[in-house]
Amino acid sequence: MTVDIDKTPADTPPAGPEAIKAIPVRHYGRYISAVVALALLGGIVYAFSQGKINWDAIPDYFFDDRILDGVGKTLLLTVLSMAIGIIGGVLLAVMRLSKNPVTSSIAWFYIWFFRGTPVLVQLIVWFNLGLVFEYINLGPFYKDEWSDFMTPFLTALLGLGLNEAAYMAEICRAGLLSVDEGQTEASHALGMSHAKTLRRIVIPQAMRVIVPPTGNEVINMLKTTSLVSVVQYPELLRAAQDIGQTSGAPAEMLFLAAAWYLLLTSVFSVGQYYLERYYARGSSRSLPATPFQKIRANVLSLSSRTKPTGGKA
């Protein structure tokens, strides 16, 4: 009689489950939408290339002295107007949250008025207030005619800065309300005054909420400065329009101004990203990677994949 003997070792582990082969889902809708978007973009580019536009005039005047001077005045007006808006917004937000009904009502009326009227109308009103106030008299310090006092630069600065303060007041108020009341109660229990509590405890924590919309307001302010051309202030748009009238290329100079605005807003957007990242340190466990860190990580991962690996024969 023959006996079959199993020659398989007793200590051989049983075969495991077969590895699952993952098949990626094909997103055909993405491919179709990408093709449609590229087709539309190509059509727009072709239409502009066939238009009666002298594109060579744009690089010829891109770094013109008048354009660069307009860019400098645009940046100066943006920074000063935002400084007025931020300082005024913080003061108005504190007044709005005050328990004093008088200061709270004043802040509410200011915000209601400046948010309810267009900034272009405010600029024109400031420029024509000489119809109401013929002279400005500050006693022994200053006295002059209103038309000489209210220059185009001062008109633009007041019109933009005071209007911005109303919007910044609501942004700052939202940031202050985002801080837990227990923080204020704890600081008062330690003997800190209300002003010191705001300066040392509340405002630093509120910056995480205040900074992102403030960055958007800065970018919006940069573009809103184009409105001051109506009060004869020679900023970027005004300089481009003047060159367009003398060179016979008004449409081309508008495209040039748009290119400068895109360049400046892109730079401001990068600064806003790093500022938001800085104030996110206390709320996020790990900060998001910067664009340079993302590029470096992708380059390193690509180089590691292409590097040959050795193995045993």
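Right, let's walk through the structure included here. Just so it is clear, the model here is predicted, and its values are computed rather than measured.

This brings us to the side chain of Glu235. Mapped onto the elements of the fold, Glu235 is located in the loop between α9 (194-224) and α10 (236-247). Buried charge without a salt bridge: Glu235, with Arg238 as the nearest opposite-charge side chain at an N-O distance of 6.8 Å. A distance of 2.8 Å separates a polar side-chain atom of Glu235 from the backbone nitrogen of Arg238. Not counting chain neighbours up to four residues away, the residues in contact with Glu235 comprise Gly70, Thr74, Thr225, Ser226, Val228, Ser229 and Tyr261.

Looking now at the pattern of salt bridges. For the structure on display, the rule yields six salt bridges. One salt bridge connects Asp64 with Arg66, and the closest N-O pair in it is separated by 3.1 Å. For the salt bridge of Glu170 with Arg115, the shortest nitrogen-to-oxygen distance reads 3.8 Å. With a gap of 55 residues between them, Glu170 in helix α7 (residues 152-177) and Arg115 in helix α4 (residues 101-116) connect regions that are remote in the sequence. Connected via shared salt-bridge partners are Arg96, Arg115, Glu170 and Arg173.

On the surface, a cluster of nonpolar side chains totalling about 580 Å² of accessible area is made up of Tyr28, Tyr31, Ile32, Val36 and Leu40. Secondary-structure assignment places Leu40 in helix α1 (residues 28-50).

About the criteria used
Residue indices follow the written sequence of each chain, beginning from 1 at its first position. Local features are withheld for residues below a pLDDT of 70 in this predicted model, meaning they are given only at 70 or higher, and side-chain atom pairs are given and counted only at 80 or more; totals for whole chains, interfaces and linings count all residues. Side-chain measures here rest on the full set of heavy atoms in the structure, leaving out hydrogens and waters. Each helix corresponds to a stretch of at least 4 residues labelled H or I by DSSP, and each strand to a stretch of at least 2 residues labelled E; elements are numbered beginning at the N terminus. Note on classification: 1.4 Å probe, protein chains only; a residue is buried when its accessible area is under 20% of the maximum for its type, exposed when over 50%, partly exposed between these limits. Residues scored as positive are Lys and Arg, those scored as negative are Asp and Glu, and His as well as the terminal groups of each chain are ignored. Salt bridges are defined by distance alone: a side-chain nitrogen of Lys or Arg within 4 Å of a carboxyl oxygen of Asp or Glu. The term polar contact refers here to a pair of N or O atoms within 3.5 Å; inside protein, the definition further demands a hydrogen-donor-capable atom paired with an acceptor-capable atom, and it admits residues adjacent in sequence only when both atoms are side-chain atoms. Contacts are assigned to residue pairs that have any heavy atoms within 4.5 Å of one another. Patch rule: a residue counts if its relative accessible area is over 30% and it has no salt bridge; like charges are joined within 9 Å, and nonpolar side chains (Val, Leu, Ile, Met, Phe, Trp, Tyr) within 5 Å. Surface accessibility follows the Shrake-Rupley procedure with a 1.4 Å probe radius. Residue values consider only the protein chains on display as shielding.

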